[in-house]
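Commentary on secondary and tertiary structure
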Amino acid sequence: MALIKVDNLFKKYGNHVAVDHLSFEVEKGQIYGFLGPNGAGKTTTMNIMTGYLAATDGSVKINGYDILTQSEKAKKCIGYLPELPPLYPDMKVLEYLCFAAELKKVPKKERKEQIHEIMEMTGILDVKERLIRNLSKGYKQRVGLAQAILGYPEVIILDEPMVGLDPKQIIEIRELIKKLAVNHTIILSSHILSEVSTLCDHIMIISHGKLMASDSPDGLRKLMEKTTEIEVTAFGDREQAKEILAEIEHIHSFFFEDTVEENSVKLRIITEENRDIRKELSVAFTSRDMPVLSMNKVEKSLEDIFLQLTETEASDDEDGMSDETVSKAEVEEEEVDDSDL
């Protein structure tokens, strides 16, 4: 049985649909990442999953308990750190954690030992007697994370845990999340691609409240690798390059890019059916007196996948191509027209 099951989740604010019939499952012992642009519905989904917000329709079950009808049992399985940690600035760190432990109904006989253990784990022992208002952003984030861990819930949900942290603090929180993943299932949201790809075993890409893709980082890359892109720089001119490419099979399209090399052309070639034609290209260019300066296969990054899955409207003028784009069919059509003259 899945640890978390989200079924057909729907949330609407007036005429605005924040979550649009979202369904997914979360298994034990992994780090899951909600990835999506701002306004994609990540925080709304997390608020519904933790019982902070009611859904318009659909259901969420945590360890078999419905978050709406069996909320107390479901919430015991969850530790939650919102984007803005729910801290009391006039409390000392230890005082606040004792208060949070009482709210979470951590047994009194276990409370002292558990709080000490969690403070040690999150690296806040040395500030336990300081007022929360006087802590840095990084330490406040740690205190918020400590309260989420109290009671040792099976699931820890983190909403944008790296926002506002400096590079050193990001590394520290990242390492802490990895340690927590040994004994907990972690769900975190982010719009920072590097954080998700570094931390997560499984990524769910959300856009406009819909689940666009769900897989491991490597699985997502393979999903998008239906075509191969090859980048070539060679001595010669564009017309000569077009003639050569017209004779090579399995090219879907190509476009020219700016190059700093004099008397040379730079091409981005897109092939059909994930074909790698670097050998054919090298032979063809060399045999036609167009020495190849460089050639490499372009690997698709998570950024490419993210943009491809989440962009809603892209005009032909905004396709990222710096110069003219040519399909193989257009080149062949030009050759037919020339022969008729």
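Structure: see above.
Quick look at the structure, then. Since this is a predicted model, take the numbers as computed values, not measurements.

Quick look at helix 10 (residues 278-287)
Regarding helix 10, the residues found buried are Leu281, Ala284 and Phe285. Down the axis of helix 10, the sector holding all buried residues measures 95 degrees, keeping them to one side. Exposed positions of helix 10 whose direction lies more than 90 degrees from the buried face are Lys279, Val283 and Ser287. Downstream of helix 10 by one or two residues, Asp289 has phi in the positive range, about 55 degrees.

Re the sheet that holds strand 4 (residues 57-62)
One open sheet accounts for four strands, arranged 2-1-4-5; its pairing is antiparallel. Each having just a single partner strand, strand 2 (16-26) and strand 5 (65-66) make up the two edges of the open sheet. The sheet contact formed by strand 1 (residues 4-13) and strand 4 spans five bridges and is antiparallel. Paired with Asp7 across the two strands is Ser59, which belongs to strand 4. This element, helix 1 (residues 42-49), spans strand 1, strand 2 and strand 4 of the sheet and lies at about 120 degrees to strand 1.

A word on the pairing of strand 13 (residues 264-271)
Counting buried residues along strand 13, seven of its eight residues qualify, which places the element largely inside the surrounding structure. The pairing of strand 11 (residues 229-235) with strand 13 spans seven bridges and is classified as antiparallel. What sits directly across from Glu231, in strand 13, is Arg268. Here six bridges tie strand 12 (residues 251-257) to strand 13, and the two strands are oriented antiparallel to one another. Looking at strand 13, one finds that Glu257 is bridged to Lys266. The antiparallel pairing of strand 12 with strand 13 creates a hairpin that spans six residues between the two strands, and Asn263 there sits at a positive phi of about 55 degrees.

Notes on the packing of helix 3 (residues 93-103) against helix 4 (residues 108-122)
Helix 4 packs onto helix 3 with a crossing angle of 125 degrees between their chain directions and a minimal axis gap of 10 Å. For the element pair helix 3 / helix 4, the angle class is oblique. As helix 3 runs across helix 4, the sense of the crossing is right-handed. In this structure, helix 3 uses Leu94, Leu97, Cys98, Ala101 and Glu102 to contact helix 4, whose residues at the interface are Arg111, Ile115 and Met119. In terms of residue class, the contact of helix 3 with helix 4 is made up of six nonpolar, no polar and two charged.

Side note on the side chain of Arg174
Along the chain, Arg174 falls in helix 6 (residues 167-180). Apart from the residues lying within four places of it in its own chain, the contact partners of Arg174 are Met162, Glu195, Thr198 and Leu199.

What about the environment of Asn38?
Within the secondary structure, Asn38 sits in the loop between strand 3 (31-35) and helix 1. As for Asn38 and His208, which are separated by 170 residues in sequence, their C-alpha atoms are 9.6 Å apart.

Here's the deal with the packing of helix 9 (residues 238-246) against helix 10
Closest axis-to-axis distance for the helix 9/helix 10 pair is 10 Å, and the angle between their directions is 130 degrees. One element, helix 9, and the other, helix 10, form an angle in the oblique class. For the element pair helix 9 and helix 10, the recorded crossing hand is right-handed. For the pair helix 9 and helix 10, contact is made by Ala241, Ile244 and Leu245 and by Leu281, Ala284 and Phe285, respectively. In terms of residue class, the contact of helix 9 with helix 10 is made up of six nonpolar, no polar and no charged.

Calculation rules
- Residues numbered from 1 in each chain as written.
- Predicted model: local features only at pLDDT ≥ 70, side-chain atom pairs only at ≥ 80, totals over all residues.
- Heavy atoms only, no water.
- Buried < 20%, exposed > 50% of the residue type's maximum accessible area, 1.4 Å probe, protein only.
- Helix = DSSP H or I, 4+ residues; strand = E, 2+ residues; numbered from the N terminus.
- Arc of directions from axis to C-beta.
- Pairing = 2+ DSSP bridges.
- Contact = heavy atoms within 4.5 Å.
- Axes fitted to C-alpha atoms, helices over the stretch in contact; angles between N-to-C directions.
- Parallel < 35°, antiparallel > 145°, perpendicular 65-115°, else oblique.
- Left-handed = near helix turned anticlockwise from the far one by under 90°.
- Nonpolar A, V, L, I, M, F, W, Y, C, P; charged D, E, K, R; others polar.

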